[in-house]
Each structure stands twice: as structure tokens, then as C-alpha cells.
Amino acid sequence: MGALEDLFVRLLLLFATPEAINPVLSDPRTVAVLLGALIAVCGGVLGVYLLLRGMALTSDAISHTVLLGIVVAFLVMTGLLGLPPDLSSPLLIVGAAAAGVLTVVLTELIERSGLVKQDAALGLVFPLLFAVAVILVSRYVDNVHIDTDSVLVGEIGMAWANTNSHCLEHCEAVTITPDDPRAVLTRQCVNCRALNISPRDPRAEFREVCANCGMYTPAQAYQAGLTSAAPTLVFWPKSLTVMGLLTLVTLGFVLLLYKELKLSTFDAALAAALGFRPGMLHYALMVLVSLVAVGAFDAVGSILVVAFFIIPPAAAYLLTDRLGVMLLLSPVIGAAGAYWGYDLARGSVFGLVEMSDVLAALNRALGTQLIERWDSSISASMALMMFVLFVAALVISPRYGLVSVSLRRAAMRQQFDDQVILAHLYRHEGAAEAADELAVATLHEHLRWPRGRMQRVLLRLRAWGWIQVEAGIAHLTPQGRQQVEAFREAHLLQT
Amino acid sequence: MPSQNGSSPTVALHVEDLTVAYQRKPVLWDVDLDVPAGVLMAVIGPNGAGKTTLIKAVLNLIPRAAGRALFFGQPYEQARSLVGYVPQRGSVDWDFPTSVLDVVMMGLYGRLGWFRRPGRREREAALHALEQVALADLAHRQISQLSGGQQQRVFLARALVQDAQIYFMDEPFAAVDAVTERAIVGILQALRAQGKTVIVVHHDLQTITDYFDWVTLLNVEVVASGPTAATFTPENLRRAYGGRVSFMEHGQAAIATGD
């Protein structure tokens, strides 16, 4: 992890100086939005495949059952291997991944029995594994503090404060030993207290003690005046490392195996027949979902991480009918949700409206006593904003959106009305009863239409130049006749 | 209708002692089968006879309790490139966000192998296959906009680009209109004319003698297998379907309803 952090820092330094980087990395807003965006990229990309495989809720199950993996790995680490308890050990990550796969395998086993459907199977497995984890935690792991708040919503707002420092220049660590010229040596009486005598007593025995010996980090060395130049440090938030790595792994996985994942998601049988191992890909995907669920746990909690897996892919699905575009849109929607979500938590809606102004207005108008300062959960606000974006997609989606569907329906209704009238003129024109059937004033009675609707249709047809009205009688123009014939060709004369 | 290489008895598919069971209920029981190269063969039998299972089991898509299958003398792992597979149309999600051309190109993924992406050559091959099934105009359509018959032809085109020697098709005629059915039959017969072997799970007993020159009657066990003229007999049909087949004139058969 340390090496990876160094790499990230060096990459950053290609674009900016340490003086420019530190204020950015210690800005709560930037770090929270960046971390939210990284989770959104991982969740958004993996979620697309979950959604298309009809297993969106598996992310919910996995984000809880990884707890079992973490607990078991923790017990193995401290109990069996005798290692010190370390909550950032890679062993815990392995445990989490195994628990994620176990969730999916158990669900599939139960489902394959044919006695329980897929949704119920998931609902059986996930509380089971979670319950075992809770029992293990309460029975054996009483010294690890797990706080309900952080499980529910995470602490993305504090991510900026938990940093590792990386030294870039003047990185001289100093170790002072007693024989160093800089060592400050003092004499200390070793038997004064035991014998209850003063150091001046002749019986007193002395030893030399070094007051400033030990290891100094570069920053400590400079503060202690042991080095002349201040070290240049970059303070890197720890949580960005894990999510950064997971983002790289996720993107690498999807870019490298785009074709294989697409085929095995669309048609697993053909993928198997062609020799791509859809089962293996399936479990690799589940391992990644588990890792992202664990990686995002500190930041957004085990419940709201599900929002990052499900909402952006669902919105992207409405906006496109190409997998590649969906894989691009989904992380973008998630990241946008994270960005505006942070602002919402701090009281600003899309940067347009301030919640405090709204509350103040409410207080004035209704005489209520609402607290006007708006400060709420960041991860919950991010989830909320993603949902707002989903609703926007639902409304404006070009193919399935409410707006375009109702517009298309209205257009179809109009076209149909037009064709009905044109066809009526076509059939009766020139016939003996034409004067009666085609009189504009009474046309609506023949078709049993409301007069207003008929007037609108006639107005439209005249505007198109498809009919003419002479002496109160409607006639088809040559263009109108063409319209009728094209319609009959397309819809009536087909065999 | 004699097949082109009826005289040279190359065996395209050899199935030996194949048994498949779900839990302990046998679905296929000790199936032995030899299909000569260059025939257009129907697999028929009542519901639950194991027709789809037979295809999936020989293609290693489901575990076998016993037995083996050889394609031109080779096990499936070595014969992958010789085999084309058209699953049932309902086995995939047609709302999947992808285009017709993309689905057809999937047939070439096996030849590309891991990691390599399809390029211009693959696009052209896919377009050519779409022309053969008369769907070139719809290449860039989203697949959810296709009718049932068009979906079936897309699957067929996907198998055509594989340029396999032996094709397995699971109910390609299910719920397609008469025009599409004729088009599909035309393609199958063109494949046979090129010397390919085509094995089709089929339901409509009326059309067996018109479409197929080889037939296998299956009901968990193989009831009979051979040239249509000799095999598609009232006696064999009764053995495969039990008493549920009523016969009409000219030896044509239909499954009686009401079971």
C-alpha cells in the first residue's frame, strides 16, 4: 500500500507542486467528492453488469455479508496465526472477497434446488451470513469498535483528516545513538530511590542516560533542530489509496475483458460453448463487487454503497441502448451525484438554491421554528442526488422517457387523426353523396367526433397543404392524395 | 433425399452411452447416436424427452452422468471451432443494450480468443452473414426492436459467421411466422448443400418429411435414428410419443392435443 501511495503521489507531482497539492488534499470537500467519484466509478461500472445480469440486489447482500469474511479473517489472524490485531491487514480483504463469493455460491445452490426462487434464496443467505458475523463479533471480538453510524452511512466527510505523510525533499530521517556527538547525555542515580539517599551521597551510583536518543522522522528531525531544511511533505488521505487501487483494477478488468463480459452477460451458454469461462468471469465479478463494498465501507457505509451500484446503472440504462455508452454514462452519473450530493449535504441544491434560504422562507411564511443551518449526511445526500439524476433520466430519456413517450404518443394520435380524415375524403370524393359527406360544417357528425377535434385536424391538414376547402366542401390536394396512397401502401395493401 | 456424402460415411457426431440426470431423475438414458456428415437432421420427441438436454450435454454445457460425445472423432474441447450453436431464442434478454451487428459478431469471439477485440474484418463477416438472412438493413438496430422472427434470424446469422462444420439449433422455428420459417429452412438447406451437418430440435411433425433428410426420435432414450424415409414411421412415432399421436393421410402425423 505504501508503495502504491508513493506512486499516486508521484503521479500527482507530474501535474502540480507539493505546495499546490496539500491544500487540495486537505480540503474536506475535494477529498469527499473525489472519494465519492472513485466509488461511483467502481460501483457504476460493476453495477452495469449486475443490472444486466438481473442481480442488482446481490450488491446489497454482498455489502453486508463481507462483514462475515472480515470477522472470520480477523479471528484467524489473531487466534490461529497469532498475529497482532490489525484492521488494515490484506488478510481481511481476502476474507471479504471469499464471503462475497460464498454469498453468491450459496444463493445459487439454494436456487438450483428448485424449491426456492432467486430473490428468496438471496434473502435466505444474506441474513444467515450476516447473523453469523454478528454472533461472532459479539462473542469473540469485543475489543474492536464498530459504530452503528459508520456502518449505516460511513464517514466520507472525515476522509481528508486520516492521512499518511509522504516526504519528497529533505527527507533525512535521523537516528541519534548515545555515542553521537549531538546526543544529550545526563547522569542519573540508579539506587537513590531504593536507598532513600540524595545523589550527593557517596553511596550513590550513576549511569549515563541519553535524553534525545531515538529515531526522528524527517519532520520531527527538523522540529528538533537536527536538520537544517524543512522536509517537503504531501499528506495523502488513506482512503483514496484503497479506492484508487480498486478503481484501477475495476477499469482494467472491464477494459481487458470487455468482449468476454459482454458475451457471458448476454448469452452465457454461447460463452461457455465458445470456451470463455462464464462461471469464472461471474465469480471474478463477484470478488470485485465484494472488494469495492469493503473498500467503500468506511466512506459510505454498507447500506448506502448499494446506491452507487444500482442507481447510476439504472439511469444509464434508460439513456442508451449500447453497452459501451452505458459503461461510460453510469460512472459519470454516479460521480455527478457524488459532486452535487456533497453540496446538498452542505445546504446547496445544484449550486442554485441554498437550503438555509428555503428554511428561512418557510419560517417566515409559516411561523415555524425550523433550524435554518442545513448540515446533513454526505453519503445520504449523494445517494439522494443520484436518485434525482435517475428521475431526470426517467423523464428525459430519448426512448423510454416520460416526455418523449408522451410526445410520441401525441404525434401518433395526430397522425392517425389526419389519416382518418384524408381517407374519408379519398373514399367519398367525386361520389354522389360527396356534398353531404364532405361538408366541413358537418364532417364531425359523420365521424362522431367532437367539433373541436375536427376543427384542429382540418386546420392542420390545410396548413400542410393536403386539403383545400371550397364552398364549404373539403377536397384532397394532389399532395393529400399522395399521403393517402402512401398510407394505404404501408398499412392496408400489405399481404 | 440422399445427402451429398451419403456414400462416404464420415461421422459428424458420435454419441456414446450418454446419460444425464437431474437429481436422480434420468433425462437422457444411455443414448447412442451416430450422425453422418452432411445431413439435415431433426431431433423430435415429446416435451421432456431431453431434446434440448441432448444438445447441451454434447456441448458440455451441463454435466453428464456418463458417456461422451465426439465431433468428427474429436472431443468437444478440440472441436470447438467446428461446432456452431444456436440456443433457444428465449434464453437471452433481448433488452440487452446492444446492436444486431454486435450480436452477430459474438459468433466470432471464439475465433478471436481471449482479450482480442473484433475489428473491421469481423464487422464485414457479420454484415455478410446478416445479408444471408436478409437483415442487413437492421444491422445497427437495438435488438429489443426486433420481431420474434428477426431475433431468430439474428441468432442464425451469429451461427453462420462461425463457419462451423456442424450446427446445433434449439427450436429455430419456435413462434416464427410462415415467411420466416421458409427463410430459415432455405438457409438450413443451403448449409447442407455446402456439406455442413445441421442438427435441429424440432416440434412440428407435419414438416419433418419436407425439411429434413435425417431424423432422430427421442424420448429419454433414442427410439430410432436414421434417414427420414425409413425412420419417420407411424410405428416409431407411436413408440416415441406413446398413444398421443394421431395419423392423418399420407403418413403425416400430428400430436393430438389434450394431455
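On a predicted model such as this, the values are computed, not experimentally measured, just so you know. (Residues numbered from 1 in each chain as written. Chains lettered and ligands numbered in written order. Predicted model: local features only at pLDDT ≥ 70, side-chain atom pairs only at ≥ 80, totals over all residues. Heavy atoms only, no water.)

## Digging into the overall build of chain B
Operational definition: Only DSSP runs of H or I reaching four residues or more are called helices, and only runs of E reaching two or more are called strands; each is numbered from the N terminus. Exposure categories follow from relative accessible area, calculated using a 1.4 Å probe and restricted to protein chains: below 20% of the type maximum is buried, above 50% is exposed, and the middle band is partly exposed. The contact criterion used is simple: two residues touch if any of their non-hydrogen atoms lie within 4.5 Å. Only the protein chains shown count as cover for residues, and the accessible areas themselves come from Shrake-Rupley with a 1.4 Å probe.
Helix and strand counts for chain B stand at ten helices and eleven strands. In chain B, buried positions account for 53% of the 259 residues. Across chain B, every contact between residues at least 6 apart in sequence was considered, and the portion connecting residues at least 24 apart equals 67%. Surface accessibility of chain B: about 11400 Å² in total, with carbon and sulfur atoms responsible for 49%.

## Some words on the side chain of Ser-404 of chain A
Residues and elements named next belong to chain A. The condition is simple: Whenever two N or O atoms come within 3.5 Å, that pair is a polar contact, provided that in protein one can donate a hydrogen and the other can accept it, and provided that, for residues adjacent in sequence, both atoms are side-chain atoms.
Note on placement: Ser-404 falls in helix α17 (residues 402-428). Residue Ser-404 is classed as buried on the basis of its relative accessible area of 16%. Within the structure, the side chain of Ser-404 is placed 2.9 Å from the backbone oxygen of Ser-397, a separation counted as a polar contact. Beyond its immediate sequence surroundings of up to four residues, Ser-404 is in contact with Val-395, Ser-397, Pro-398 and Arg-399.

## Digging into a nonpolar patch on the surface
All names here are of chain A. How we decide: Residues form patches when they are more than 30% accessible in relative terms and have no salt bridge. Like charges link within 9 Å. Nonpolar side chains (Val, Leu, Ile, Met, Phe, Trp, Tyr) link within 5 Å. The salt bridge criterion pairs a side-chain nitrogen of Lys or Arg with a carboxyl oxygen of Asp or Glu, the two atoms within 4 Å.
On the surface, a nonpolar cluster with roughly 670 Å² of combined accessible area is contributed by Phe-350, Leu-352, Val-353, Val-358, Leu-362, Leu-366, Leu-370 and Val-388. Element by element, the count of residues in the nonpolar patch is highest for helix α15 (residues 355-366), at three residues. Along the polypeptide, Leu-352 turns up in the loop between β7 (348-349) and β8 (353-354). On the accessibility criterion, Leu-352 (72% relative accessible area) is exposed.

## A short note on the sheet that holds strand β2 (residues 25-36) of chain B
Residue and element names in this part refer to chain B. To be explicit about the condition: Strands qualify as paired when DSSP identifies two bridges or more between them. The axes are straight lines fitted to the C-alpha atoms, using for helices just the contacting stretch, and the angles between their N-to-C directions are given from 0 to 180°.
Strand order in the open sheet formed by three strands is β2-β1-β4, and the pairing between neighbours is antiparallel. The strands lining the two open edges of the sheet, one partner per strand, are β2 and β4 (66-71). Mean inter-strand twist for the sheet, computed between neighbouring axes without regard to direction, equals 15°. Bridge count for strand β1 (residues 11-22) against β4 is five bridges, and the pairing is antiparallel.

## Here we look at the interface of chain B and chain A
Rules: The quantity reported as buried area is the accessible area (1.4 Å probe) lost by two parts once they are put together, taken as the sum for both. For this classification, the nonpolar set comprises Ala, Val, Leu, Ile, Met, Phe, Trp, Tyr, Cys and Pro, the charged set comprises Asp, Glu, Lys and Arg, and every other residue, Gly included, is treated as polar.
Counting from both sides, the interface comprises 33 residues of chain B and, opposite them, 28 residues of chain A. For the pairing of chain B and chain A, the buried interface totals around 2700 Å² over both sides, and the portion due to carbon and sulfur atoms is 64%. In terms of surface lost to chain A, no three residues of chain B exceed Phe-96, Pro-97 and Trp-114 of chain B, which account for 26% of the buried area on that side. Notably, a salt bridge pairs Lys-262 of chain A with Asp-102 of chain B, separated by 2.4 Å at the nearest N-O pair. Viewed at the interface, chain A and chain B are joined by 13 residue pairs in polar contact (both at pLDDT 80 or more). Sorting the residues of the side of chain B that touches chain A by element identifies α3 (100-105), α4 (109-112) and α6 (148-161) of chain B as the ones contributing at least two each. Of the residues belonging to the side of chain B that touches chain A, the class tally is 16 nonpolar, nine polar and eight charged.

## Comments concerning the domain arrangement of chain A
Formally: Note that the domain bounds reflect an automated or database-derived domain assignment.
Along its sequence, chain A is organised into domain 1 (2-156 + 237-396), domain 2 (172-230) and domain 3 (404-492). Centre-to-centre separation of domain 1 of chain A and domain 3 of chain A, based on C-alpha positions: 57 Å.

## Quick notes on the pairing of β2 of chain B
Residue and element names in this part refer to chain B. In the sheet, β1 pairs with β2 via eight bridges, with the strands oriented antiparallel. Bridge pairing links Ala-21 to Pro-26 in β2. Hairpin connection from β1 to β2: two residues lie between these consecutive antiparallel strands, with Gln-23 at a positive phi of about 50°.

## Overview of the packing of aromatic side chains
Test applied: Working definition: rings of Phe, Tyr and Trp (its six-membered ring) pair if their centres are within 6.5 Å, and the pair is stacked with planes under 30 degrees apart, edge-to-face with planes over 60 apart, and tilted otherwise.
Inspection of the entire model under this criterion finds 14 aromatic pairs over all chains. When the centroid spacing of 6.0 Å and the interplanar angle of 80° are considered together, the rings of Phe-71 of chain B and Phe-168 of chain B count as edge-to-face. Separated by 97 residues along the polypeptide, Phe-71 of chain B in strand β4 and Phe-168 of chain B in strand β6 (residues 166-170) bring together distant segments of the chain. A single burial state applies to Phe-71 of chain B and to Phe-168 of chain B, both of which are buried. The rings of Phe-266 of chain A together with Trp-94, Phe-96 and Phe-155 of chain B are connected pair by pair, giving a single aromatic cluster.

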